[in-house]
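Each chain, letter by letter, is given below.
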Amino acid sequence: MECKILIGGEAGQGIQTISNILSKYFFRIGYYVFTIESYQSRIRGGHNYSLLRISDKPIYAIDNEKVDILIALNLETIRLHLNEVKEGGHIFCDESIKTEEFLGDDRIIKIPVKQITQELRSKLVENTIFVGALLALSSGDIDEMRKIIAETFKQEYFDINMRALEEGYKYARDLNRSCGSFLKRGRDNRLLLNGAEAVGFGAMVSGCKFLASYPMTPGTAVMNFIAEHELDFDVVVEQAEDEIAAINMAIGAFFAGARSMVTTSGGGFALMVEGLSLAGMTETPVVIHIGQRPGPATGLPTRTEQGDLNFVVHAGHGEFVRYVTAPRDQKDAFYKTIKAFELAEKYQIPSIILTDQYLIDSKAVIEELNPPSEIKFYRVKADTNYLRHKITEDGVSPFAIPGESEALVITDSDEHDEEGHITEDLSIRKRMVEKRMKKLNLLLKEIEEPSYFGVENPEIIFIGWGSTYGVIKEGIERLIREGYPIGHLHFSDVYPIVNEHLEKYKGIKLYTIEQNYQGQFAALLRKETGVDVKRGLVKYNGFPFYVEEIIKGVKELMG
């Protein structure tokens with residue numbers, strides 16, 4: 001079974017509160033949940049909505065099927081989404097909303113929300129009343145919902161929200177209506193989390209002890225999550241005065257022995273680029289999380305896109321090695337964040353975690369996470385003969401922490417000798433560049449092979465990267481069931497590119513599916529491998545792909 005619920009209103013009406021409560025509820029009673037958030041960059045006003053897809057089977061994307069239930073917090077939401085509600089669906093709204101223009105539409109269910117809030121003497125509980133009403137009309141488990149209300153609200157708001165839940169439930173229970181029935185199911189060890197929580201949790205498990213950031217949507221969500229748990233995991237979170245300060249703080253902290261990261265978006269990363277090159281020259285590890293949004297400049301700050309790939313891969317002056325990973329879903333974001341920290345320290349390079357608003361804000365039910373039993377650190381205890389930038393066979397110099405021994409740990413942003421002192425010796429310069437670039441050969445061995453799903457001998461393979469994994473996979477699955485001889489190849493580690501990962505597909509038509517205009521990943525694959533990969537299906541209006549768009553686009557490409 002499947003059900004879709006859309007909650008809409010204007011910014012400030014608590015849309016995300018209802019979404020979070022309902023997501024947690026359906027997860028707790030054993031269902032799979034996938035949510036997306038659509039919000040404007042306004043503190044108040046502007047139409048926002050949250051869309052929940054609920055199923056008894058695993059789901060990893062949003063489709064274009066009609067909505068079963070619309071919870072409308074204002075009249076505008078009904079006007080905008082009325083045609084998206086299926087016949088036999090349900091539209092919840094307050095009885096004070098004037099719906100004369102929809103006269104005769106029996107999908108509308110009016111709840112006396114404002115009247116109940118007046119009786120309770122609180123306007124802050126409107127959303128909880130709607131939750132209670134929906135629960136009653138879907139034969140819900142009110143005891144489970146009571147637990148969730150208790151977890152959601154602070155003590156001073158607990159009693160009033162519990163009363164609001166009961167009043168909404170009681171009123172709707174007496175209506176002669178039904179929104180279906182959600183029977184309680186087992187849920188094993190599954191988890192419900194969004195991308196920001198996955199990245200943040202992965203960072204803390206990795207031993208991250210310092211995060212610096214200047215707030216910038218959608219990257220701020222990672223900072224907020226880690227800040228909520230900084231005392232539990234002994235992490236220091238610093239809101240810097242700007243992005244330049246943030247990257248330099250993180251580099252300094254990692255140099256001093258604290259695993260560190262910054263979180264930002266494309267515009268903030270633009271300010272960090274000089275610091276990125278500083279990390280490259282000094283061979284200081286640093287982890288950078290970038291939540292992509294549409295650009296250039298401010299762009300659409302609360303929407304999604306995959307437009308920063310070229311920028312991230314080529315950012316910084318001079319030549320130095322970097323690792324770029326674009327997690328495909330929430331589970332992958334957890335493990336790839338751990339990998340980013342490990343590779344940053346192991347090879348003394350910048351590691352970049354490239355997500356987007358879609359992944360950061362979307363919630364999904366995933367199988368349990370298994371953190372590594374031990375986090376490995378790549379540090380040495382130096383003696384008095386220590387050379388911070390020692391030229392070694394594999395290019396990796398010994399990484400010691402200042403103050404942990406009598407050895408001097410020296411580095412410089414100018415070209416330097418093995419000890420770390422500035423030099424103008426051109427022969428040393430040549431050897432140092434070669435030493436730093438040697439690490440590329442080691443990093444290539446760490447790059448994960450792209451995952452393949454499809455028929456055994458496909459005529460066409462569609463290539464994706466990052467957060468589009470779930471929606472492409474579901475679309476390709478449906479097309480294969482219709483008899484299309486196709487496959488889906490998906491990259492999570494996006495740079496550097498291992499040539500062998502595409503060699504086996506030479507001779508097959510290859511198209512990318514990307515959320516940018518130019519087909520940036522197709523161009524990157526062509527440049528790095530020489531394999532003919534074409535720009536295929538693209539979307540760049542700020543909204544994520546829907547399953548039906550993938551199906552329609554693939555059919556058009558195949559003629």
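Our structure is the block above this text.
Notes on the structure follow. In this text, all values refer to a predicted model and were calculated from it rather than measured experimentally.

**Structural notes on the overall build of the protein chain**
Piece 1. When helices and strands are counted, the protein chain shows 19 helices and 20 strands.
Piece 2. Against the globule reference of 24 Å for 559 residues, the protein chain gives a C-alpha radius of gyration of 26 Å, in line with a compact fold.
Piece 3. For the protein chain, buried positions account for 58% of its 559 residues.
Piece 4. Taking the intrachain contacts of the protein chain between residues at least 6 apart in sequence as the baseline, contacts between residues at least 24 apart amount to 74%.
Piece 5. Total accessible area computed for the protein chain in this model is approximately 23,600 Å², and 48% of it derives from carbon and sulfur atoms.

**Regarding the sheet that holds strand β18 (residues 493–495)**
Piece 1. Taken in spatial order, the seven strands make up an open sheet running β9-β8-β10-β11-β13-β12-β18, and their pairing is mixed. Strands with a single pairing partner mark the edges of an open sheet, and in this sheet they are β9 (236–239) and β18. On average, each strand axis in the sheet is tilted by 20° relative to the strand beside it, whichever way the strands run.
Piece 2. Pairing of strand β12 (residues 323–325) with strand β13 (residues 350–356), which is carried by three bridges, proceeds in the parallel orientation. Considered in β13, the bridge of tyrosine 323 is made with serine 351.
Piece 3. Strand contacts of helix α8 (residues 220–228): β8 (210–213), β9, β10 (260–264) and β11 (286–292), with the helix running at about 140° to β9, the strand carrying the most contacts.

**Some thoughts on the pattern of salt bridges**
Piece 1. Under the criterion given, the structure shown has 40 salt bridges.
Piece 2. The partner of lysine 24 in a salt bridge is glutamate 151, and the shortest N-O contact between them spans 3.8 Å. A residue pair is termed long-range when its members are at least 10 positions apart, and lysine 24 in helix α1 (residues 15–28) and glutamate 151 in helix α5 (residues 142–152) qualify at 127 residues.
Piece 3. Accessibility expressed as a relative area gives 28% for lysine 24, which makes it partly exposed.
Piece 4. Judged by its relative accessible area of 46%, glutamate 151 is partly exposed.
Piece 5. With its nearest N and O atoms 2.8 Å apart, the salt bridge here joins lysine 534 to aspartate 532.
Piece 6. Relative accessible area serves as the criterion here: at 47%, aspartate 532 is assigned to the partly exposed category.
Piece 7. Each of the salt bridges in this network shares a partner with another, and the network as a whole consists of Glu2, Lys4, Arg53, Asp63, Glu474, Arg478 and Glu548.

Calculation rules
Residues numbered from 1 in each chain as written. Predicted model: local features only at pLDDT ≥ 70, side-chain atom pairs only at ≥ 80, totals over all residues. Heavy atoms only, no water. Helix = DSSP H or I, 4+ residues; strand = E, 2+ residues; numbered from the N terminus. Rg over C-alpha atoms; globule rule 2.2 N^0.38 Å. Buried < 20%, exposed > 50% of the residue type's maximum accessible area, 1.4 Å probe, protein only. Contact = heavy atoms within 4.5 Å. Areas by Shrake-Rupley, 256 points an atom, 1.4 Å probe, with all protein chains shown as cover. Pairing = 2+ DSSP bridges. Axes fitted to C-alpha atoms, helices over the stretch in contact; angles between N-to-C directions. Salt bridge = Lys/Arg side-chain N within 4 Å of Asp/Glu carboxyl O.

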